[in-house]
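# Examining the three-dimensional arrangement
Residue-level listing of the chains:
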Amino acid sequence: MSFQVAIDGPAGAGKSTVAKIVAAEKNFIYVDTGAMYRAMALYFLRNGIDGKDEAAVSNACRMLEVTISYQDGVQQVILNGENVSGQIRTEEVGSMASATSGYPAVREKLLMLQRRLAREADVLMDGRDIGTCVLPDADVKIYLTADSLERAKRRYKELKEKGVECDLSEIERDIIERDQRDMTRELSPLKQAEDAILLDSSHMTLREVVDEIGRIIDTALSPADAGGRP
Ligand code: DC
């Protein structure tokens, strides 16, 4: 049986940064499910599909195939045979992913792939619905969050470092809007699973978050030594 770690939480909480480090340290495969929704969003954008038009989006889902592969341990997202990993990190793709990820046709497309990956290897999977829907029996579930201003500040710093002109309050407004959409959609909304451990990283360093998640995983892996699950 593979060991499954689910990390869910809102945009900008640092899930992928943290998950990548923890997965490398624990020798797990890291699966970034947001990247899969982004690859689908890229297809919709490239093909001029309106994200609000559910019928058009659902129809387009039949024309696309998303898979993933690993290069030197780093996840690559493949859209209809093309590696699109370098093209999915824009705000435009992110908002299209958020706008379309509530549609059943979009979610169904990725659910089987995500579950298969989790059966094949020890995984650390991050997203919005991993603990609640994709892997409801995951060995460890973490809900990683941070307050919206803190998340906006992190994003602001990232963009500034890349030389992108941006405005902090505008970034925070976008984050709040994205949270609202992800949390209130009907299908697989973002929410903390009942058995997930809540981790608020607002006042924690990256290293502290990584260490805390590492400890939680160790406890679940060796229950006898660490007093975790039998
Ligand atoms: O984590 P991210 O910003 O790369 O995700 C982009 C969008 O994809 C996010 O706004 C909502 C959607 N998503 C989802 O619905 N379910 C997931 N498991 C992961 C992402």
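Quick note: structure is the one above.
Structure report, in brief. (Residues numbered from 1 in each chain as written. Predicted model: local features only at pLDDT ≥ 70, side-chain atom pairs only at ≥ 80, totals over all residues. Heavy atoms only, no water.)

## Quick word on a negative patch on the surface
Test applied: To count toward a patch, a residue needs a relative accessible area above 30% and no salt bridge. Like charges then connect within 9 Å, nonpolar side chains (Val, Leu, Ile, Met, Phe, Trp, Tyr) within 5 Å. In short, Shrake-Rupley with a 1.4 Å probe defines the accessible areas, and a residue's cover is counted only from the protein chains shown. Here, a salt bridge means any Lys or Arg side-chain nitrogen found within 4 Å of an Asp or Glu carboxyl oxygen. As used throughout, the charge tally considers Lys and Arg to be positive and Asp and Glu to be negative, leaving His and the chain termini uncounted. Here the site of a charge means atom NZ of a Lys, CZ of an Arg, CG of an Asp or CD of a Glu. Relative accessibility thresholds used throughout: buried, under 20% of the residue-type maximum; exposed, over 50%; partly exposed, between the two (1.4 Å probe, protein chains only).
The grouping of Asp167, Glu170, Asp174 and Glu177 at the surface amounts to a negative patch. For Asp174, a relative accessible area of 41% gives the class partly exposed.

## Thoughts on the nonpolar core
Selection rule: Each nonpolar core is a collection of buried residues, namely Ala, Val, Leu, Ile, Met, Phe, Trp, Tyr and Cys, held together in the definition by side-chain atoms within 4.5 Å. Where helices and strands are cited, they refer to DSSP runs of H or I of at least four residues and of E of at least two residues respectively, numbered from the N terminus. Contacts between residues were defined by any pair of non-hydrogen atoms, one from each residue, lying within 4.5 Å.
By size, the foremost hydrophobic cluster in this structure holds 38 residues, and its most contacted members are Met36, Met40, Phe44, Val66 and Val106. Looking at this core, the elements with two or more residues in it are helix H2 (33-46), helix H3 (54-61), strand S3 (66-71), strand S4 (74-79), helix H4 (91-100), helix H5 (104-120), strand S6 (123-127) and helix H6 (130-134). Considering every element that reaches this core, the biggest residue donor is H2, with 9 residues. Apart from the residues within four sequence positions on either side, Met40 is in contact with Cys61, Leu64, Val66, Val106, Lys109 and Leu110. Counting residues in hydrophobic clusters, the runner-up holds 21 residues, among them Phe3, Val22, Ala23 and Val140.

## Considering the side chain of Lys15
As for its placement among the helices and strands, Lys15 is situated in helix H1 (residues 15-26). Here Lys15 sits buried without a salt bridge, and the closest side chain of opposite charge, Asp126, lies 5.7 Å off (N-O distance). With residues near it in sequence (within four places) discarded, Lys15 still touches Ile7, Asp8, Gly9, Pro10, Asp126, Gly127, Arg128 and Leu144.

## Remarks on the sheet that holds strand S2 (residues 29-32)
Strand pairing in a sheet relies on backbone hydrogen bonds. The paired strands run either parallel or antiparallel. Stated formally: Pairing between strands requires that DSSP locate at least two bridges from one strand to the other. Angles shown run from 0 to 180 degrees and are taken between the N-to-C directions of axes, each axis being a line fitted to C-alpha atoms and, for helices, limited to the stretch in contact.
Taking strand neighbours across the sheet as the criterion, the 5 strands line up as S2-S6-S1-S7-S8 in an open arrangement whose pairing is parallel. Taken across any chain shown, the strands that pair with only one partner, and hence form the sheet edges, are S2 and strand S8 (197-200). Averaged over all pairs of adjacent strands, the angle between strand axes in this sheet comes to 20 degrees, irrespective of strand direction. Bridge count between strand S7 (residues 140-145) and S8: 4 bridges; the pairing is parallel. Looking across to S8, one finds that Leu144 is bridged to Leu199. In the packing of H5 onto the sheet, the strands contacted are strand S1 (4-8), S2 and S6, and the crossing angle to S6 comes to about 155 degrees. Helix H9 (residues 206-221) rests against S1, S6, S7 and S8 of the sheet, and its axis sits at about 165 degrees to S7.

## What about the sheet that holds strand S5 (residues 82-83)?
A sheet is described by the order of its strands in space; here 3 strands give the open sequence S3-S4-S5, paired in antiparallel fashion. Strands with a single pairing partner mark the edges of an open sheet, and in this sheet they are S3 and S5. Across 6 bridges, S3 lies against S4 in antiparallel orientation. Bridging across to S4, Tyr70 finds its partner in Gln75. Packing against the sheet, H2 makes contact with S3, S4 and S5, and its axis sits at approximately 30 degrees to S4.

## Quick look at the packing of H2 against H4
The geometry of a pair of packed helices is captured by two quantities: the angle between their axes and the separation between those axes. Formally: For classification, angles of less than 35 degrees are called roughly parallel, those exceeding 145 degrees roughly antiparallel, those between 65 and 115 degrees roughly perpendicular, and all remaining angles oblique.
Where H2 contacts H4, the two axes come as close as 8 Å, and the packing angle between them is 100 degrees. Judged by the inter-axis angle, H2 sits roughly perpendicular to H4. Of the residues in H4, those in contact with Tyr37, Arg38, Ala41, Leu42, Phe44 and Leu45 of H2 are Glu92, Val93, Gly94, Met96, Ala97 and Thr100.

## Let's talk about the packing of helix H7 (residues 148-161) against helix H8 (residues 168-184)
Applied cut-off: We call a crossing left-handed when the near helix sits turned anticlockwise from the far one by less than a right angle, and right-handed when that turn is clockwise.
Where H7 meets H8, the axes come as close as 9 Å, and the angle between the chain directions of the two elements is 125 degrees. Classified by the interaxial angle, the pair formed by H7 and H8 is oblique. Between H7 and H8 lies a crossing of right-handed hand. Side by side, H7 and H8 meet where Ser148, Leu149, Arg151, Ala152, Lys153, Arg155, Tyr156 and Leu159 of the first sit next to Leu168, Ile171, Glu172, Ile175, Ile176 and Asp179 of the second.

## Here's the deal with the state of the cysteines
We count it as follows: Cysteine sulfur atoms are paired as a disulfide whenever they fall within 2.5 Å.
Across all of its chains, the model carries 0 disulfides by this definition. Cys133 takes part in no disulfide bond, and the closest cysteine sulfur, belonging to Cys61, lies 16 Å away. On the basis of relative accessible area, Cys133 is assigned to the partly exposed category, the value being 24%.

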